[in-house]
Amino acid sequence: MEKTKREIVLPSQYLGDINKNKAGRGTFIEQGKIYARIVGVLHQNPPYINVIPVKGRYDAVEGDLIIGFVEEPLSSSWLVDINAPYPALLHVNEVPWDVEFGETEKYLNTGDSIMAKILSVDLEKKLNITLKDRNLYKIRGGHIIDVEPSKVPRIIGKKGSMIGLLKKYTHCRIFVGQNGRIWIDGDDENIVKMLEAIRLIEEESISYGLTNKVENLLKTQ
Amino acid sequence: MTVLPIIKQNYLYKIAKQGKRADGRGFNEYRDIIIEPGIISKAEGSARVRIGKTQVVCGIKMDIGDPYSDTPNSGVISTAAELIPLASPDFEAGPPQADAIELARVVDRGIRESEVIKLDELCIIPAEKIWILFIDIHIIDYDGNLFDTASLAALAALYNTKVPMERFKEFFEKIKESHPVVNDYLQAHQTDYPLPMREPPISSTYVKFNDVIVADPSIDEEEIADARLTVATDKNGDIRAMQKGLKGSFTVEEIQNIIKDSLVNGEALRKKLNESVGS
Amino acid sequence: MKSDINLINEDGKRLDGRAADELRQIKIEAGVLHRADGSCYLEWGGNKVVAAVYGPREAIPRHTQNPLKAIIKARYNMAAFSVDDRKRPGPDRRSREISKVISEALEKVVITDLFPRAAIEVNIEILDAEAGTRCAGLTAAGVALADAGIPLRDIPVSCAAGKIGAEEHDGTLTGGHVVLDLGKAEDNFGNADLPIAISPRTKEILLMQMDGHLSVEEFNQALSMAIDGCYVISEIQKKALLQKYKTDLEVE
């Protein structure tokens, strides 16, 4: 693990100038200067200066795979909570079933969980999601937990290394939604193991040597 | 997210069948309890109580006022609870809703009916002036089991309360002239003194979901609960208050089992309370 | 306003022993609540404040939504037991006014155009009060907003300065000292109170209220003093936020 210094920056902290750098994630520009706009870890990817958030609501991006909870069936769509500042809309045209007008409840009802994809985010932040894809469906069985969306990259790991580790030692099926919701299925003992490992990753997400720690935890049970 | 998604509910039911709870506790086990008395300097008495992540602050304020006509020589208690929007994304600002009112009344009854406070010792001038005691419960963080947390906070705050003779010095000076009978009271109480109290009953809360009964429900468990029962027991093992909540039901046997458990849990909570207030 | 209390003596020491430009003791802790998206616990002299932020989330009722940006709803509330004479629960006119000026101050620093139609709710609860509660509340709100991960141009900070010890005769004031961060007695018997809030990076004034009696020169003195106070407090806010995440970094 490279020992690069991980610096925490705070909103309003000066990070660079736009004549030398480009403003990336978590920053804003004022009078030619780049500042942090959130509490986060400074990450330089020259010429980009990024601030990776330590906390915050899910910021929907087109193409993201997420787990949603159906809030309300409407006449030709469903309102779905995806842990974003806004509920998302799932239109009957975006599901693999033939849904008659007013019959939405027959397919998805309040309290159901779905694995979906962000279809579009418009200027007013209105969100549309879709179930029309090979890997998307209504979820049955297993367990779902919530983590900070900002920790998702850590749980997946570089090139899926962390999630691979979790699967290897627990033999569980796992799906990590970009919106911080994780679905797990397996036998009960292993689910508990998996939950503990995920909590560890959440708590120590910006430490060094986390991968080893997690492996040790999973091995010892 | 106000409603627990079905998958989460099913998971809780499933592990409950195996005798487990989501946070690894036993069915009859309470989360960690932390009681901190005397944290608010402006209040006559105060305490902060945490059960797990649920956090409640209770402040006691006293004032001098007129007695109720049916109890002319008795002090007066008034209990209020605020489910402030600070504590949960689902709490709204505004006048107390039914939940807050029920909470306040249950905590109030637990204190009033069991005569925890010696109200007859809060009489200043018989039939004219008595002490009014305001118990204000502030929920700061909501993670399940407000009843027990609020009750403990109220009791810890009461144990910590000093009748504010100093703050009302001017009032006593003025009233001495017109009501010399008050001198008896002043003789006995020349400075701030501890609120006269009796050993209180301790409440213990249980919820039922899918025929499983657990103590000290977490917020998810409350979400899926069909019925809830709070039982207050005293140090002699007698029952002093009960409140059943939510729309489901209990069998007689279930209630008897809960009573048994509440005697045990009540005792443990009482011990914790006594340790924290140093009595 | 004359009183028998001598608020400041010949050595320039105030009732509580502070110098004219000295702040009361301040302690700040970020991320103290479990349910809130961001939170802060703050102690300032005898003040004890909790602030919690929820959001951004869709603004309801829908007619309050702004299609271009998020709205900030600050709610300042004093607990019934936070003051000498128990306060009846519920917002009174004073609380509503303070809620409004705080909401307006926060609007400037939150990057609201990132969240059209949303609301960001800031709840400030005063648990123990000892003068300067709105400054304590806003300062805590700033930390809570940063803790919630809400994009900010700056972390707002608030402080007050005022004047004590002047004597009034027929509308003219003589004597008196401009002091920083009024305490309880100073607030009750002082001559002027000037709470402000600033964006430390740009020094812009986000909130300012004044009541009492100050000459223009005294106002400038007080403003300058309050701004200096804000910078000191800003460092404490930043430390509190770093403290929360630093412990993770220091592993090996």
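All values reported here derive from a predicted model rather than from experimental measurement.

**Student:** What's the story with the overall build of chain A in this structure? I'm lost.
**Tutor:** Across its full length, chain A holds 4 helices and 16 strands. Counting only C-alpha atoms and orienting by the principal axes, one finds that chain A spans roughly 55 × 50 × 25 Å. Across the 221 residues in chain A, those meeting the buried criterion constitute 39%. Intrachain contacts of chain A at a sequence separation of at least 6 include 56% that bridge at least 24 residues.

**Student:** What exactly am I supposed to notice about the overall build of chain B here?
**Tutor:** When helices and strands are tallied, chain B shows 7 helices and 12 strands. Against the 2.2 N^0.38 benchmark of 19 Å for 279 residues, chain B shows a C-alpha radius of gyration of 21 Å, consistent with a compact globule. For chain B, the C-alpha atoms occupy an extent of roughly 70 × 40 × 35 Å along the three principal directions. Of all 279 residues assigned to chain B, the portion counted as buried reaches 44%.

**Student:** Mind showing me how you'd approach the confidence of the model for chain B here?
**Tutor:** Segments scoring low in pLDDT should not have their predicted coordinates read at a detailed level. With 99% of its residues at a pLDDT of 70 or more, chain B shows a mean pLDDT of 92. Confidence scores differ between elements of chain B, with helix H5 (residues 182–188) of chain B showing the lowest mean pLDDT of 87 and strand S2 (residues 45–51) of chain B the highest of 97.

**Student:** Would you mind showing me how to read the interface of chain C and chain A here?
**Tutor:** Bring the parts together and some accessible area is lost; that lost area is often taken as the interface size. The interface of chain C with chain A comprises 29 residues on the first partner and 24 residues on the second. Within the residue set of the side of chain C that touches chain A, elements represented by two or more residues are strand S3 (47–58), helix H2 (133–147) and helix H4 (216–249) of chain C. Counting residues per element, the side of chain C that touches chain A draws most heavily on H4(C), at 7 residues. Class assignment of the residues belonging to the side of chain C that touches chain A gives a composition of 16 nonpolar, 2 polar and 11 charged.

**Student:** Looking at this model, I keep getting lost on the sheet that holds strand S2 (residues 38–44) of chain C. Mind explaining?
**Tutor:** The pairing of strands in a sheet happens through backbone hydrogen bonds and is either parallel or antiparallel. Residues and elements named next belong to chain C. Strand order in the open sheet formed by 5 strands is S1-S2-S3-S5-S4, and the pairing between neighbours is mixed. Whereas interior strands pair on both sides, the edge strands pair on one side only; in this sheet they are strand S1 (26–30) and strand S4 (71–78). Averaged over all pairs of adjacent strands, the angle between strand axes in this sheet comes to 15 degrees, irrespective of strand direction. The pairing of S2 with S3 spans 7 bridges and is classified as antiparallel.

**Student:** Which parts of the structure should I look at to understand unusual backbone geometry?
**Tutor:** Negative phi is the rule for most residues except glycine; trans is the rule for most peptide bonds. Here the residue pair C:Gly55 and C:Pro56 is connected by a cis peptide bond, since its omega of 0 degrees sits within 30 degrees of zero. Inspection of the secondary structure assignment puts C:Pro56 in strand S3. In this model, C:Ile60 is joined to C:Pro61 through a cis peptide bond whose omega is 0 degrees. The backbone of B:Ala127 sits at a positive phi, close to 65 degrees, despite the residue not being glycine. Even without a glycine there, the phi angle at B:Asn210 is positive, about 50 degrees. Position of B:Asn210 among the secondary structure elements: in the loop between strand S9 (202–209) and strand S10 (212–215). Assessed through the 13 C-beta atoms surrounding it within 10 Å, B:Asn210 is described here as partly exposed.

**Student:** What exactly am I supposed to notice about the interface of chain B and chain C here?
**Tutor:** On the chain C side, the residues contacting the 29 residues of chain B number 26 residues. Those elements giving two or more residues to the side of chain B that touches chain C turn out to be strand S3 (54–65), strand S4 (76–82) and strand S6 (129–141) of chain B. For the side of chain B that touches chain C, the residue count by class is 15 nonpolar, 5 polar and 9 charged.

**Student:** For this particular structure, what's the right way to read the packing of helix H2 (residues 161–170) of chain A against helix H3 (residues 188–203) of chain A?
**Tutor:** Geometry of a packed helix pair, given as the angle between the helix axes and the separation of the axes. All names here are of chain A. In the contact formed by H2 and H3, the axes pass within 9 Å of each other and the chain directions differ by 155 degrees. Accordingly, the angle class assigned to the pair H2 and H3 is roughly antiparallel. Seen along the crossing, H2 lies across H3 with a hand that is right-handed. Contacts from Met162, Leu166 and Thr170 of H2 reach H3 at Asn190, Lys193, Met194, Ala197 and Ile201. Looking at side-chain class alone, the contact of H2 with H3 contains 5 nonpolar, 2 polar and 1 charged residues.

**Student:** Could you clarify how one ought to interpret the nonpolar core in this entry?
**Tutor:** If you look at soluble globular proteins, the nonpolar side chains tend to sit buried side by side. Judged by nonpolar contacts, the single largest core of 201 residues is most densely connected at B:Ile137, B:Ala153, B:Ala154, C:Val122, C:Ala141 and C:Ala144. With 11 residues, the top contributor of residues to this core is helix H3 (residues 146–159) of chain B. If near-sequence neighbours (up to four positions away) are discounted, B:Ile137 is found in contact with B:Val56, B:Cys58, B:Ala80, B:Ala81, B:Glu82, B:Ala104, B:Val107, B:Ala150, B:Ala153 and B:Ala154.

**Student:** Whenever I open this one, the domain arrangement of chain A confuses me. Can you help?
**Tutor:** Segmentation of chain A into domains returns domain 1 (8–53), domain 2 (65–138) and domain 3 (143–219). For domain 1 of chain A versus domain 3 of chain A, the separation of C-alpha centres amounts to 29 Å.

**Student:** Help me out: how do you make sense of the environment of B:Ile40 in this one?
**Tutor:** Looking at the element boundaries, B:Ile40 is found in the loop between strand S1 (33–37) and S2. With 26 C-beta atoms counted inside 10 Å, the residue B:Ile40 sits in the buried group. Taking the C-alpha atoms as reference points, B:Ile40 and B:Val57, 17 residues apart in sequence, are found 9.1 Å from one another. B:Ile40 has contacts with B:Ser46, B:Gly59, C:Lys48, C:Phe81, C:Ser82, C:Leu127 and C:Asp128, leaving out every residue within four places of it along the chain.

**Student:** Please clarify how the pairing of strand S6 (residues 40–45) of chain A should be interpreted in this entry.
**Tutor:** On any regular strand, side chains alternate: one points to one face of the sheet, the next to the other face. Residues and elements named next belong to chain A. By the bridge criterion, 2 bridges tie strand S1 (residues 8–9) to S6 in an arrangement that is antiparallel. Bridging from a neighbouring strand, Val9 pairs with Gly40 of S6. Sheet topology note: the S6/strand S7 (residues 48–53) ladder contains 6 bridges and is antiparallel. Directly across from Val41, in S7, lies its bridge partner Ile52.

**Student:** I'm lost on the sheet that holds S9(B) in this one. Help?
**Tutor:** All names here are of chain B. Overall, antiparallel pairing links the 4 strands, which are arranged S10-S9-S11-S12 in an open sheet. Edge strands, defined here as strands with exactly one partner in the open sheet, are S10 and strand S12 (239–245). Along the sheet, successive strands turn relative to each other by an average axial angle of 20 degrees, direction set aside. Pairing analysis gives 7 bridges linking S9 to strand S11 (residues 227–233), with the strands arranged antiparallel. Looking at S11, one finds that Ile202 is bridged to Thr233. H3 contacts S9 and S11 of the sheet and is inclined by roughly 175 degrees relative to S9.

**Student:** How do you make sense of H3(A) when you look at a structure like this?
**Tutor:** Because an α-helix packs 3.6 residues into every turn, residues spaced three or four apart end up facing the same way. Residues and elements named next belong to chain A. For H3, spanning 16 residues, the distance from its first C-alpha to its last is 23 Å, which sits close to the expected 22 Å at 1.5 Å a residue. For H3, the full list of buried residues reads Ile191, Lys193, Met194, Ala197, Ile198 and Ile201. Projection of H3 onto a plane perpendicular to its axis shows the buried side chains occupying an angular sector of 160 degrees, all on one side. Exposed residues on H3 whose side chains face more than 90 degrees from its buried face are Glu189 and Glu203. Among the structural elements, strand S14 (143–146), helix H1 (152–156), H2, strand S15 (173–176), strand S16 (181–185) and helix H4 (210–219) are those in contact with the buried residues of H3.

**Student:** How should the environment of A:Ile66 be read in this particular structure?
**Tutor:** Residue and element names in this part refer to chain A. Examined against the element boundaries, Ile66 turns out to sit in strand S8 (residues 65–73). By C-beta crowding, Ile66 is classed as buried, having 28 other C-beta atoms within 10 Å. Discounting residues that sit within four places of it in the chain, Ile66 has contacts with Ile82, Ala116, Ile118, Gly177, Gln178 and Asn179.

Reading guide: rules and limits
Residues numbered from 1 in each chain as written. Chains lettered and ligands numbered in written order. Predicted model: local features only at pLDDT ≥ 70, side-chain atom pairs only at ≥ 80, totals over all residues. Helix = DSSP H or I, 4+ residues; strand = E, 2+ residues; numbered from the N terminus. Buried ≥ 20, exposed ≤ 12 C-beta atoms within 10 Å, placed from the backbone. Contact = placed C-beta atoms within 7 Å. Rg over C-alpha atoms; globule rule 2.2 N^0.38 Å. pLDDT = per-residue confidence, 0-100. Nonpolar A, V, L, I, M, F, W, Y, C, P; charged D, E, K, R; others polar. Pairing = 2+ DSSP bridges. Axes fitted to C-alpha atoms, helices over the stretch in contact; angles between N-to-C directions. Parallel < 35°, antiparallel > 145°, perpendicular 65-115°, else oblique. Left-handed = near helix turned anticlockwise from the far one by under 90°. Core = buried A, V, L, I, M, F, W, Y, C linked by C-beta atoms within 7 Å. Domains from an automatic or database assignment. Expected span 1.5 Å × (residues − 1). Arc of directions from axis to C-beta.

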